[in-house]
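Coordinates in review
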Amino acid sequence: MHKSILILGACGQIGTELTFALRETYGNESVIASDIREGSENLMDSGSFELLDATDYDVLEEVVAYYEIDEVYLMAAMLSATAEKFPERAWNLNMNSLFNVLNLAKDKKIKKIFWPSSIAVFGPNTPKTNTPQNTIMEPSTVYGISKQSGERWCDYYHHKFGVDVRSLRYPGLISWKTQPGGGTTDYAVEIYHKALAEGAYGCFLNEDTKLPMMFMDDAIKATQQLMATEAEKVKVRSSYNLSAMSFSPKEIAQNIKEHIPEFEISYKPDFRQDIADSWPNSIDDSKARQDWGWEPDFDLEKTTKVMLGNLKT
Ligand SMILES: NC(=O)c1ccc[n+]([C@@H]2O[C@H](COP(=O)([O-])OP(=O)(O)OC[C@H]3O[C@@H](n4cnc5c(N)ncnc54)[C@H](O)[C@@H]3O)[C@@H](O)[C@H]2O)c1
């Protein structure tokens, strides 16, 4: 069946790859990319693009009507490290864009929503290892507070108004096609670039900071899989825990050394260390596995091989 998809924040780290993946699945003409800035040449050339501010309801409503949009993927947000610098701007962007999309669905102008949450919804009082789906959530970052509030609103709109909204708590995402956009796990992308370019990396987290991570292909696969699942099987309407691997800077550096023996890492923790310390080090995603068959393809070894292989050229 033909469907029309709108991606908000399509030029970012995830949005770019998601746009390509959805265009591959549904056809270039069915997937409209949008952002407040232009994206890569490939992205701009592969289908329709709209300059669109996700916090502007009127323009959003117009674009949705013009393209007869069925599904919206809301990828526009301010990420954890940047949000600590601009708390109010982060809150306004992260919440208002979500309300706009939820209200479009409530008013039956669109049928389905994908909105990403994050491991940042957890906080210092959350059990750190194998963090359960339902547990203590007292986020201590601006970003985490906005994501946790967002989850509650998604759940509310689903139960109160029947809105079909689906969400994943992404871990830190590792990609070679696009650069990360101001998060606390950005080091796990930078390290590959620097290992190849300079043979050394100065890490902004300390060596033992273990965090949940995922290769981008797995994140895109999970997103498409969740969106394709029959509505009755999507039991969690706040956001699903999602996991693939967990490692520390020391462990990823060790892994890179197996390919580049002369690689050296040094540590100079900055304000992002506090953010990382408040997050889990591993995630229990059994609910996602049970409800819609989630299974990751990439571990750290495979990720390192693909990252170095693709960035080398
Ligand atoms: N990358 C990760 O590791 C990660 C982890 C967990 C959750 N997430 C979530 O996934 C989503 C996408 O993250 P990302 O890493 O691609 O972020 P990103 O910063 O790389 O991209 C965000 C995009 O949104 C755009 N944008 C900003 N303000 C906008 C506005 N008002 N209207 C429209 N577009 C706007 C930016 O120009 C940018 O292209 C976010 O909700 C983020 O919180 C990301």
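Higher on the page you've got the structure.
The following paragraphs examine the structure supplied in this document.

Conventions we followed
- Residues numbered from 1 in each chain as written.
- Predicted model: local features only at pLDDT ≥ 70, side-chain atom pairs only at ≥ 80, totals over all residues.
- Heavy atoms only, no water.
- Helix = DSSP H or I, 4+ residues; strand = E, 2+ residues; numbered from the N terminus.
- Rg over C-alpha atoms; globule rule 2.2 N^0.38 Å.
- Contact = heavy atoms within 4.5 Å.
- Areas by Shrake-Rupley, 256 points an atom, 1.4 Å probe, with all protein chains shown as cover.
- Core = buried A, V, L, I, M, F, W, Y, C linked by side-chain atoms within 4.5 Å.
- Buried < 20%, exposed > 50% of the residue type's maximum accessible area, 1.4 Å probe, protein only.
- Pairing = 2+ DSSP bridges.
- Axes fitted to C-alpha atoms, helices over the stretch in contact; angles between N-to-C directions.
- Patch = residues over 30% accessible without salt bridge, like charges linked within 9 Å, V, L, I, M, F, W, Y side chains within 5 Å.
- Salt bridge = Lys/Arg side-chain N within 4 Å of Asp/Glu carboxyl O.
- Lys, Arg positive; Asp, Glu negative; His and termini not counted.
- Charge placed at Lys NZ, Arg CZ, Asp CG, Glu CD.
- Near = heavy atom within 4 Å.
- Polar contact = N/O pair within 3.5 Å; in protein donor to acceptor, adjacent residues only side chain to side chain.
- Nonpolar A, V, L, I, M, F, W, Y, C, P; charged D, E, K, R; others polar.
- Parallel < 35°, antiparallel > 145°, perpendicular 65-115°, else oblique.
- Left-handed = near helix turned anticlockwise from the far one by under 90°.
- Phe/Tyr/Trp six-rings, centres within 6.5 Å; stacked < 30°, edge-to-face > 60°.
- Lys NZ or Arg CZ within 6 Å of the ring centre and 35° of its normal.

**A look at the overall build of the protein chain**
When you go through the protein chain residue by residue, the secondary structure sums to twelve helices and 14 strands. Computed over C-alpha atoms, the radius of gyration of the protein chain comes to 19 Å, within 12% of the 20 Å expected from 2.2 N^0.38 for 313 residues, which places it in the range of a compact globule. When the backbone C-alpha atoms are referred to their principal axes, the protein chain occupies close to 55 × 45 × 40 Å. A fraction of 78% describes how many contacts in the protein chain between residues 6 or more apart in sequence connect residues 24 or more apart. Total accessible area on the protein chain is roughly 13500 Å²; 47% of this is exposed by carbon and sulfur atoms.

**Brief notes about the nonpolar core**
Membership of the largest hydrophobic core comes to 40 residues, with the highest contact counts inside it found for Ile174, Tyr187, Tyr192, Phe247 and Ile252. If you list the elements that add at least two residues to this core, you get helix H6 (142–161), helix H7 (187–197), strand S10 (200–203), strand S11 (211–215), strand S13 (245–247), helix H9 (249–257), helix H10 (272–277) and helix H12 (300–311). Setting aside chain neighbours within four positions, we find Phe247 in contact with Ile174, Tyr187, Ala188, Thr209, Lys210, Leu211, Met213, Ile252 and Leu300. Listed in part, the 32 residues of the second largest apolar core include Leu22, Ala33, Tyr240 and Leu242.

**Focus on the sheet that holds S11**
Picture the strands of a sheet paired through backbone hydrogen bonds; they go either parallel or antiparallel. Spatial strand order, S9-S11-S13: three strands in an open sheet with mixed pairing. Two strands in the sheet have a free side with no partner beyond their single neighbour: strand S9 (172–174) and S13. Within the sheet, the average angular offset between the axes of one strand and its neighbour, ignoring direction, is 45°. With three bridges joining them, S9 and S11 adopt parallel strand pairing. Note that in S11 the partner of Gly172 across the bridge is Met213.

**Quick word on the pairing of S10**
Where burial is concerned, the two faces of S10 differ: the one with Tyr201 and Cys203 is buried and the one with Ala200 and Gly202 is not. Two elements, S10 and strand S14 (residues 264–267), share four bridges in a ladder whose sense is parallel. Bridge pairing links Cys203 to Tyr267 in S14.

**Focus: a negative patch on the surface**
A contiguous patch of negative charge, built from Asp53, Asp56, Asp58 and Glu62, is present on the exposed surface. Following the sequence through the fold, Glu62 ends up in helix H3 (residues 57–66).

**Observations regarding the site of the ligand**
The environment of the ligand is formed by 28 residues, the closest being Gln13, Ile14, Asp35, Asp53 and Tyr143. One nitrogen or oxygen atom from the side chain of Arg37 is found 2.8 Å from an oxygen atom belonging to the ligand. If the ligand stood free it would expose 830 Å²; the protein chains cover 92% of that surface. Elements supplying a minimum of two residues to the shell around the ligand: helix H1 (13–26), strand S6 (117–118), H6 and S9. Broken down by element, the shell around the ligand gets its largest block of residues, three residues, from H1. Classifying every residue of the shell around the ligand gives 15 nonpolar, nine polar and four charged.

**Looking at the sheet that holds strand S8 (residues 168–170)**
Reading across the sheet, the three strands line up as S6-S8-S12 and stay open at both edges, with parallel pairing between neighbours. Every other strand in the sheet has two partners, leaving S6 and strand S12 (240–241) as the edge strands with one partner each. Looking at chain direction, S6 and S8 are connected through two bridges and run parallel. Of the residues in S8, the one forming a bridge with Ser117 is Arg169.

**Notes on the packing of H1 against helix H8 (residues 216–228)**
Two quantities define a packed helix pair, namely the angle between the axes and the distance from one axis to the other. The N-to-C vectors of H1 and H8 enclose an angle of 55°; their axes lie 10 Å apart at closest approach. It follows that H1 is oblique to H8 by the angle criterion. Considering only the axes of H1 and H8, their crossing is right-handed. Mapping the contact onto sequence places Gln13, Ile14, Glu17, Leu18, Ala21, Leu22 and Thr25 in H1 and Met216, Asp217, Ile220, Thr223 and Gln224 in H8.

**Some words on the packing of aromatic side chains**
According to the stated counting rule, one finds 13 aromatic pairs in the structure shown. Where Phe215 meets Phe298, the ring centres are 4.5 Å apart and the plane angle is 45°; that geometry is what we call tilted. Of the two residues, Phe215 is situated in strand S11 and Phe298 in the loop between helix H11 (286–292) and H12; the sequence distance between them amounts to 83 residues. A relative accessible area of 1% places Phe215 in the buried class. Residue Phe298 is classed as buried on the basis of its relative accessible area, which comes to 12%. Taken together, the ring pairs in this structure connect Phe99, Trp153, Tyr156, Tyr157 and Phe161 into an aromatic cluster. Directly above the ring of Phe204 sits Arg272, whose terminal nitrogen or CZ lies 3.5 Å from the centroid. Here Lys302 stacks its cationic end above the ring of Phe298, 4.5 Å away from the centre of that ring.

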